[in-house]
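Overview (structure and organization)
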Amino acid sequence: MSTELPEPASKIELKPGVGGGGEIPTFNITLRVRRYTPESTADAYWEDFKLTMYGTDRVLDALHKVKWEHDGSLSFRRSCAHGVCGSDAMRINGRNRLACKTLLKDLDTSKPITVEAIKGLPLEKDLIVDMEPFFQSYREIMPFLINDGHEPSGERYQSAADHAKFEDTTKCILCAACTSSCPVFWTDGQYFGPAAIVNAHRFIFDSRDDAGDMRLEILNDKEGVWRCRTTFNCTEACPRGIQVTQAIAEVKQAILSRTV
Amino acid sequence: MQVHKYDVVIVGAGGAGMRAAIESGQRAHTAVLTKLYPTRSHTGAAQGGMCAALANVEEDNWEWHTFDTVKGGDYLVDQDAAEVMAKEAIDAVLDLEKMGLPFNRTPEGKIDQRRFGGHTRDHGKAAVRRACYAADRTGHMILQTLYQNCVKHNVEFYNEYYVLDMLMVEEDAYREDGTAYKQKRVAGVVSYDLATGELHIFQAKSVVFATGGAGKVFKTTSNAHTLTGDGMGIAFRKGIPLEDMEFVQFHPTGLAGLGILLSEAARGEGAILRNSEGERFMERYAPTIKDLAPRDIVARSMANEVREGRGCGPNKDYVLLDLTHLEPAHIDAKLPDITEFARTYLGVEPYTEPVPVFPTAHYVMGGIPTNIDAEVLQDNDTVIPGLYAAGEVACVSVHGSNRLGTNSLLDINVFGKRAGLSAAKYAATADFVELPEDPEKFTSTQIDAMLNSTGTERVAVLRKELQDIMDANVQVFRDKDSLDRALVVIEELRERYKNVSVQDKGKRFNLDLLEAIELGFLLDMAEVMTAAAMHRKESRGGHYREDFPNRDDENFMKHSMSYRDATATTEGISGIRMETKPVIFTRYQPMERKY
Ligand SMILES: Cc1cc2nc3c(=O)[nH]c(=O)nc-3n(C[C@H](O)[C@H](O)[C@H](O)COP(=O)(O)OP(=O)(O)OC[C@H]3O[C@@H](n4cnc5c(N)ncnc54)[C@H](O)[C@@H]3O)c2cc1C
Ligand code: SF4
Ligand code: FES
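Counting of residues starts from 1 at the beginning of each chain's written sequence and follows it residue by residue. Both sets of labels track the order of writing: A upward for chains, 1 upward for ligands. Predicted model: local features are reported for residues with pLDDT of at least 70 only, side-chain atom pairs are reported and counted for 80 or more only, and whole-chain, interface and lining totals are derived from all residues. The basis for every side-chain value is the complete set of heavy atoms in the structure, and neither hydrogens nor water enter the calculation.

Turning to the overall build of chain A, a few remarks are in order. The helix and strand labels rest on DSSP assignments: H or I over at least four residues marks a helix, E over at least two residues marks a strand, and numbering proceeds from the N terminus. When helices and strands are counted, chain A shows eight helices and seven strands. Judged by the C-alpha coordinates and their principal axes, chain A covers about 65 × 65 × 35 Å. The 260 residues of chain A split such that 55% are buried. In this description, accessible areas are obtained by the Shrake-Rupley approach with a 1.4 Å probe, and a residue is regarded as covered only by the protein chains that are shown. For chain A, the accessible area works out to roughly 11300 Å², and carbon and sulfur atoms hold 50% of it. The positive count covers Lys and Arg only, the negative count covers Asp and Glu only, and His and the chain ends enter neither. Lysine's charge is taken at NZ, arginine's at CZ, aspartate's at CG and glutamate's at CD. Chain A carries 32 positive and 37 negative side-chain charges, and their two centres are separated by 4 Å. For each residue, the accessible area found with a 1.4 Å probe, counting protein chains only, is set against the maximum for its type, and the residue is called buried under 20%, exposed over 50%, and partly exposed in between.

Residues and elements named next belong to chain A. Domain start and stop points were drawn from an automatic or database domain assignment. One can read the domain layout of chain A as domain 1 (26-129) and domain 2 (132-147 + 160-257). Centre-to-centre separation of domain 1 and domain 2, based on C-alpha positions: 28 Å. Should any heavy atoms of two residues lie within 4.5 Å, those residues are considered in contact. Contacts between domain 1 and domain 2 engage 15 residues on the former and 15 residues on the latter. Put simply, buried area is how much 1.4 Å-probe accessible surface two parts lose in total, over both of them, once they are put together. Overall, the association of domain 1 and domain 2 removes approximately 1100 Å² of surface from exposure, summing both partners, and the carbon and sulfur fraction of that is 62%. When the buried area of domain 1 at its contact with domain 2 is split by residue, N96, K119 and L121 rank highest and sum to 40% of it. N or O atoms within 3.5 Å of each other form a polar contact, as long as, within protein, one can give a hydrogen and the other can take it, and as long as residues adjacent in sequence are counted only when both atoms are side-chain atoms. In this assembly, domain 1 and domain 2 are joined by three residue pairs in polar contact (both at pLDDT 80 or more). Counting residues per element, the ones that place at least two in the side of domain 1 that touches domain 2 are β3 (89-92) and β4 (95-98). Top element by residues in the side of domain 1 that touches domain 2 is β4. It accounts for three residues. Each residue gets one label: Ala, Val, Leu, Ile, Met, Phe, Trp, Tyr, Cys and Pro are nonpolar, Asp, Glu, Lys and Arg are charged, and the others, such as Gly, are polar. Residue composition of the side of domain 1 that touches domain 2, by class: seven nonpolar, four polar and four charged.

This brings us to unusual backbone geometry. The omega angle of the peptide bond from V396(B) to S397(B) is 5°, so this bond is cis rather than trans. For S397(B), the location among the structural elements is in the loop between β18 (394-395) and α11 (407-429). Even without being a glycine, D126(A) presents a positive backbone phi close to 45°. Its place among the elements puts D126(A) in the loop between β6 (123-125) and β7 (128-129).

Chain B puts 84 residues into the contact, and the matching count from chain A is 82 residues. Any Lys or Arg side-chain nitrogen found within 4 Å of a carboxyl oxygen on Asp or Glu counts as a salt bridge. Linking chain B to chain A there are eight salt bridges. Taken together, chain B and chain A are joined by 37 residue pairs in polar contact (both at pLDDT 80 or more). Going through the elements one at a time, α3 (79-99), α4 (138-152), β12 (272-274), β13 (319-322), α9 (328-334), α10 (336-346), α13 (459-473) and α15 (511-535) of chain B are the ones with two or more residues in the side of chain B that touches chain A. Ranked by residues supplied to the side of chain B that touches chain A, first place goes to α4(B) with seven residues. Here the residues of the side of chain B that touches chain A sort into 28 nonpolar, 27 polar and 29 charged.

Moving on: the sheet that holds strand β20 (residues 573-582) of chain B. What links the strands of a sheet is backbone hydrogen bonding, and the strands pair in either a parallel or an antiparallel sense. In space, the three strands of this open sheet follow the order β10-β19-β20 (chain B), with antiparallel pairing throughout. Strand pairing shows two members of the sheet lacking a second neighbour, β10 (242-243) and β20 of chain B, which therefore form its edges. DSSP bridges decide pairing: two strands pair if at least two such bridges lie between them.

Bringing empty space enclosed by the protein into the picture now. Using protein atoms alone on a 1 Å grid, points that fit a 1.4 Å probe yet trap it form a cavity, whereas open point sets bounded by protein on both sides within 12 Å along at least five of seven lines form a pocket; residues with an atom within 4 Å of a point count as lining. Grid points are joined across faces, edges and corners, and a volume is the space filled by probe spheres set on the points. Summed over all chains, the structure comprises 13 cavities of 30 Å³ or more. Of the residues contributing to the lining of the second largest cavity, the split by class is seven nonpolar, two polar and eight charged.

Once that is clear, we can look at the site of ligand 1. Residue and element names in this part refer to chain B. Any residue with a non-hydrogen atom lying within 4 Å of a molecule or strand is treated as near it. Close contacts around ligand 1 come from 39 residues, with S41, T43, E392, S408 and L409 the closest. G15 places a main-chain nitrogen or oxygen 3.1 Å from an oxygen atom of ligand 1. Separating a nitrogen atom of ligand 1 from a backbone N or O atom of V163 is a distance of 2.8 Å. Of all elements in the fold, only α1 (15-25), β2 (30-34), β7 (161-174), β14 (355-364) and α11 reach the threshold of two or more residues within the shell around ligand 1. Among the elements that line the shell around ligand 1, the one with the most residues is α11, at four residues. For the shell around ligand 1, the class distribution of residues is 16 nonpolar, 19 polar and four charged.

Residues and elements named next belong to chain A. With mixed pairing, five strands are arranged side by side in an open sheet as β2-β1-β5-β3-β4. Edge positions in the sheet fall to β2 (45-54) and β4, since each has one partner strand and no second. For this sheet, the mean angle separating the axes of adjacent strands, direction not counted, is 35°. Pairing analysis gives four bridges linking β3 to β4, with the strands arranged antiparallel. Bridging across to β4, M90 finds its partner in R97. The strands that helix α1 (residues 59-70) touches are β1 (26-35), β2, β3 and β5 (113-116); relative to β2, the one it contacts most, it runs at about 105°. For helices, the fitted line uses only the C-alpha atoms of the stretch in contact; every axis is such a line through C-alpha atoms, and the angle between N-to-C directions lies from 0 to 180 degrees.

Turning our eyes to something else, we now look at the packing of aromatic side chains. Two rings from Phe, Tyr or Trp (for Trp, the six-membered ring) form a pair when their centres are within 6.5 Å of each other. A pair whose planes differ by under 30 degrees is stacked, one over 60 is edge-to-face, and the rest are tilted. Applying the stated rule across the entire model yields 16 aromatic pairs over all chains. A ring pair is formed by Y158(B) and Y161(B), whose centres lie 5.1 Å apart and whose planes are at 70°; its orientation type is edge-to-face. By relative accessible area, which is 14% here, Y158(B) ends up buried. We classify Y161(B) as buried; its relative accessible area is 11%. When the ring of F281(B) is compared with that of Y285(B), the centres are 6.2 Å apart and the planes differ by 90°; the resulting orientation is edge-to-face. Here Y285(B) falls in the partly exposed class, since its relative accessible area comes to 27%. Each member of the aromatic cluster is reached from another via a ring pair, and the members are F134(A), F135(A), Y138(A), Y37(B), Y147(B) and F157(B). Placement of a positive charge over a ring is assigned whenever Lys NZ or Arg CZ falls within 6 Å of the ring centre and within 35 degrees of the normal to the ring plane. Sitting over the face of the ring of F432(B), K5(B) holds its NZ or CZ atom 4.7 Å from the ring centroid. Its guanidinium or amino end placed over the ring of W68(A), R463(B) lies 4.5 Å from that ring's centre, counting from NZ or CZ.

Here is the structure:
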């Protein structure tokens, strides 16, 4: 323990309700899902599900309830269920979010809650899109440390201040919430998109990396950073709280001044 | 059906699989098959750190680390493997640093290190700073860094390819003493492409299993929905034993009802546990170190409070983690992520309200038995040429009966690398094993049966019953009666599983079908865990038998080895054969495990 703390009381009074007893509150919702089942129906359509949910349930729980109790064919990706794997970005009430991080009680449950696949990537089935184009852009910015200098026998040193320059962009979980909320990306699928720029930023500003110039050149392309119109959708969508627009601005600045 | 040919096929793209791929991919024609996109793997959820005796901030060495690992595992650790891991830990961290991992740094710019439970200086004298970390996102950074390096080395991924079966042949062979036996050999794997519903056969000289854990056997778990024990299940069905499956680690502080992990760091920073009477109950169970007692002791104490009616909440089924006596600034500085979990998922403000917590199934210590070169064993000492396993799916065994925090991220790097190197080396000289006739038959029959079934059982119903029964009977407390109760239900569920049908009959992204297949693995894993728990009539590490509360070295200082065997019966369970395997001792003789 870093600081000496006063010894906590060995017994305290708990607020009523905390100690136990009572009912778990429930509420009813309508989940309105954009279905796309090309094997049986050519066009996408909306389907409503009426569900009774609990206070701590998330949109992912509602989707599971549909899949597990009503219609097993409803398809969506998910894995970790707590916002760290990036599987379940989707449009919830028109905004990109992770289903596993969006509590139902934080949404307006008096109206149907709409859930659709993220936009701009080829739709495969229900809430599932083809992620390949997204990862293709990611791979193009050379998302790996390039160091052509002397290889030390031990570790490379890095000051805490240098580490802080790119720490924010290391948090990315490649969920595509940002890229698929970008109006430029919707109209021009060739645009690298914010996620790829975020990941380029992560290396461009890493003091151990030697290929910043190459990455800046790639992003200086006509499909690169200059397509960004600073709409801020990406920053709002990012479930990891990454300052996406700021990262893009820093990359633009670096291209102009070539300081790295 | 397509057939692909590779020198090396790696199943799984978490930390262990990708570490293997980086080595193998540079030396042999390698494919990685993974049911998730690599960066979705659950290695990304790890918070605390990865340990190595770098001695960057204070004196430390690999021998101390070996000792801690052996003692932490309650002496059921194979000491040769623990030595390898502790020695190679240092290079494992340096490898990651050179690959670009953004570790937190000391003021001099070196990789920073912090304390973690059970890691000590000089054989238990005091806590030591051994865990290298990247904020509370160490696993995320390891997963991203390994993926980045796979991209760099052009590793070939088959994403969303579910491996459902392994192709194996048996040959007559003779041991040195002249006795005949059946030598298993691996020919490849069968996989299901999620996007198209097509089966693909991968023929390979070397196959590496790196499919992670099986936490979803339990209801309350820190594990992802996708951790369903597939790799262990496939090996088990092929007659490969599973080692030490009775040992599952339950982490004390999962968010109640959800299982999402709140790191040990919370109690390290001064948080305490309370029951429904507001009592700091750990004072009764561990009067000296109280809330900072080892994971298994704290977890049992919590479960006991609930059992004796002092649980909190509407169903009185959890206790409280109280941080309200801590300064908000202190909480923000040291515990930002986990307090955010409490806010987001339970709507609880940790500054002013205690957080509902309960033990959560966290880590499977057991798995596919391997030696230190990651070669899979078909019995106590016969290697299956060309077959490897690493990571949580494997049992080397470096964790024995209880894994120390930060030793798994280390395990996946050290033994993932070894598996990749071994697999590539073997493939350089070996020949392909001929594919059996109709290699996809077992899998296609299983899938067709599921799709065409008119059965009335639903996957989600059976899975919930399984998870409930496991939480109730095979969790931190076990005894003969509870294990019997679990087994009756498991056997019943296995019967009912034959009558399962899926609603989605399509070929594209049929996750309904895959959940049904995953349930089959879960049922097998639950059965083996319970059988092995029944067999071990002692208490050690993560396995606590109320009817045998003491460690019994005389009868049980040995690994359990469970085999699928239609003709055998163990502890009244038909279809499982239980054997044992000696523990490897090098330096340390067993002592009482006291902290
Ligand atoms: C919340 C949490 C926190 C943790 N914190 C720490 C920590 O601080 N320090 C520490 O040392 N350890 C920690 N652990 C443990 C550690 O993170 C895991 O044990 C380790 O990451 C497992 O890695 P792996 O590569 O074996 O498996 P995983 O990362 O789980 O990867 C499994 C891979 O196998 C693939 N797969 C599975 N089944 C199939 C199939 N049928 N076909 C094809 N592919 C398949 C998946 O797609 C995935 O890519 C933590 C664990 C959890 C849950
Ligand atoms: S920057 Fe944020 S929103 Fe974009 S992919 Fe990364 S985590 Fe997702
Ligand atoms: S399921 Fe992993 S981020 Fe939502």
